[in-house]
Structure formats: C-alpha cells, structure tokens
Amino acid sequence: MTTFSTAKKRNNKQLGALSLEAMMITGGIIVGLMFIMSKGPALMYKINTVKFTSQASEIVQATQGRANLATLTIPKLCARDALNESICGTTNDGRGTNPFGGDWILSGNAASPTLIDLTATLPNDQSKVLDLADLMAPTTRAGCTEATGCSTIKTTASSIVMTY
C-alpha cells in the first residue's frame, strides 16, 4: 500500500507540470492566431486584388478577335460561354461578381469602335478605387504607369473605367 501512495503523489506532481506546459502551448497558439487575425484584412485585400486583375484579364481576352466591339456586353459573352461563371454570376450579367462586391460592365468605347470600356464598380471598398486604378493602369490601352494623367483609365468615387 505504501508503494501505491508514493506513485500517486509522483503522478500528481507530473500533472502540474503538464498543465503548465499545456498553458504555454495554448498561449503560443492564441498569440499566433491573434497575429494571423491582425493580418487578415491585408491578406484578403491582396487575394481580392489578384482575383480582380485575373477577372479583368479574362473579360478582355474574351473580347479579342470579336467583330463589332461596340455592341459587346457581359451578358452576351456569358450567353456564349466565353466567361467563367464567377464573372457571369447566376443571372449571367456580371452584377455583384467582382471580388470587391461590385459589378463588371462591358461597353463599346465612344471614341473608337475598335476599343472597349470595362467598368468595375466597388461599392464596398471605395477607399481602394485609386489603388486598384494604379494597379490596372499598365494593363489598359495606353499602358500608363499610374492612373493619374492616364487617358485610358478613369475613376469615380466608386468605379474604375478601363479602356482596352
């Protein structure tokens, strides 16, 4: 009986050490999660930016080689299965499908029938309009280095119009 009680006391001492170790591991995990959560908004913005540029590129590529760009629209491209469903959306009109919660609107350019205007609305992230415009400026017809002073990209408070 003496051996059993000594073993029981030794196990109780080990349990306390395990609890301290478990608390340290749990604390480390909590600190790690807090760090990841603090970087969440910036990380999501980067992911949305990559998706945004990819979708814009897909729309522009779908217009290449098509006649009569003046009448080409997102619904027409969706009806021809020329665009991914993530751009067309459930109603095949490009509404609410860009990564920032806005619309994709495709229209012919008023100045030239061989060019298109691609409009992206950003109703949920209006503070990002200028940043995205600068990002997209080099991809437009003029290939500008930034949106300011670029003739083929225009911004409003909640939209970007890119000419290709």
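Since the structure is predicted, the reported quantities are computational estimates derived from the model, not experimental observations.

1. A look at the side chain of T140
Then, number 1: Among the secondary structure elements, T140 is positioned in the loop between α4 (129-136) and β3 (153-155).
Then, number 2: Exposure remark for T140: the relative accessible area of 5% places this residue in the buried category.
Then, number 3: A distance of 2.8 Å separates a polar atom in the side chain of T140 from the backbone oxygen of A137.
Then, number 4: Non-local contacts of T140, meaning those with residues more than four positions away in its chain, are made with C150, T152, I153, M162, T163 and Y164.

2. Overview of the state of the cysteines
By definition, a disulfide links the sulfur atoms of two cysteine residues through a covalent bond.
Then, number 1: Evaluation of the coordinates by the stated rule reveals 2 disulfides.
Then, number 2: Paired by a disulfide, C78 and C88 hold their sulfur atoms 2.0 Å apart. When the S-S torsion is -100°, as for the bridge of C78 with C88, the disulfide is left-handed. Taken together, the residues span a long stretch of sequence, with C78 in helix α2 (residues 74-79) and C88 in helix α3 (residues 85-88) at a distance of 10 residues.
Then, number 3: A relative accessible area of 3% means that C78 is categorised as buried.
Then, number 4: The class for C88 is buried, based on a relative accessible area of 2%.
Then, number 5: The residue that forms a disulfide with C144 is C150, at a sulfur-sulfur distance of 2.2 Å. As the torsion about the S-S bond is roughly 80°, the C144-C150 disulfide counts as right-handed. Each member of the pair, C144 as well as C150, carries the same accessibility label: buried.
Then, number 6: When the bonded cysteines of the protein chain are numbered from the N-terminus onward, they pair as 1-2, 3-4.

3. Brief notes about the pairing of strand β4 (residues 159-163)
Then, number 1: Of all 5 residues making up β4, 4 are buried, and the element is well covered by its neighbours.
Then, number 2: Pairing of strand β2 (residues 116-121) with β4, which is carried by 5 bridges, proceeds in the antiparallel orientation. The residue of β4 that forms the bridge with A120 is I160.
Then, number 3: Hairpin connection of β3 to β4: 3 residues between the antiparallel strands.

4. Some points on the nonpolar core
A general tendency of soluble globular proteins is for nonpolar side chains to be buried together.
Then, number 1: Formed by 33 residues in total, the largest nonpolar core has its most connected members in L83, W104, L118, I153, I160 and M162.
Then, number 2: For this core, the secondary-structure elements that each account for two or more residues are α1 (2-63), α2, α3, β1 (104-108), β2, α4 and β4.
Then, number 3: If you tally residues by element for this core, the top one is α1, at 6 residues.
Then, number 4: Apart from residues no more than four positions distant in its own chain, M162 is found in contact with W104, I116, D117, L118, A120, M136, T140, T152 and I153.

5. Overview of the environment of A79
Then, number 1: Secondary-structure assignment places A79 in helix α2.
Then, number 2: Along the primary structure A79 and N92 are separated by 13 residues, whereas in three dimensions their C-alpha atoms are 7.2 Å apart.

6. A short note on the sheet that holds β4
Then, number 1: Ordered by their spatial adjacency, 4 strands build an open sheet running β1-β2-β4-β3, and the pairing between neighbours is antiparallel. Two strands lie at the open edges of the sheet, namely β1 and β3, each paired on one side alone. Across the sheet, the mean angle separating the axes of adjacent strands is 15° when strand polarity is ignored.
Then, number 2: Looking at chain direction, β3 and β4 are connected through 3 bridges and run antiparallel. Note on β4: the bridge partner recorded for K154 is V161.

Rules used in this analysis
- Residues numbered from 1 in each chain as written.
- Predicted model: local features only at pLDDT ≥ 70, side-chain atom pairs only at ≥ 80, totals over all residues.
- Heavy atoms only, no water.
- Helix = DSSP H or I, 4+ residues; strand = E, 2+ residues; numbered from the N terminus.
- Buried < 20%, exposed > 50% of the residue type's maximum accessible area, 1.4 Å probe, protein only.
- Polar contact = N/O pair within 3.5 Å; in protein donor to acceptor, adjacent residues only side chain to side chain.
- Contact = heavy atoms within 4.5 Å.
- Disulfide = S-S within 2.5 Å.
- Pairing = 2+ DSSP bridges.
- Core = buried A, V, L, I, M, F, W, Y, C linked by side-chain atoms within 4.5 Å.
- Axes fitted to C-alpha atoms, helices over the stretch in contact; angles between N-to-C directions.

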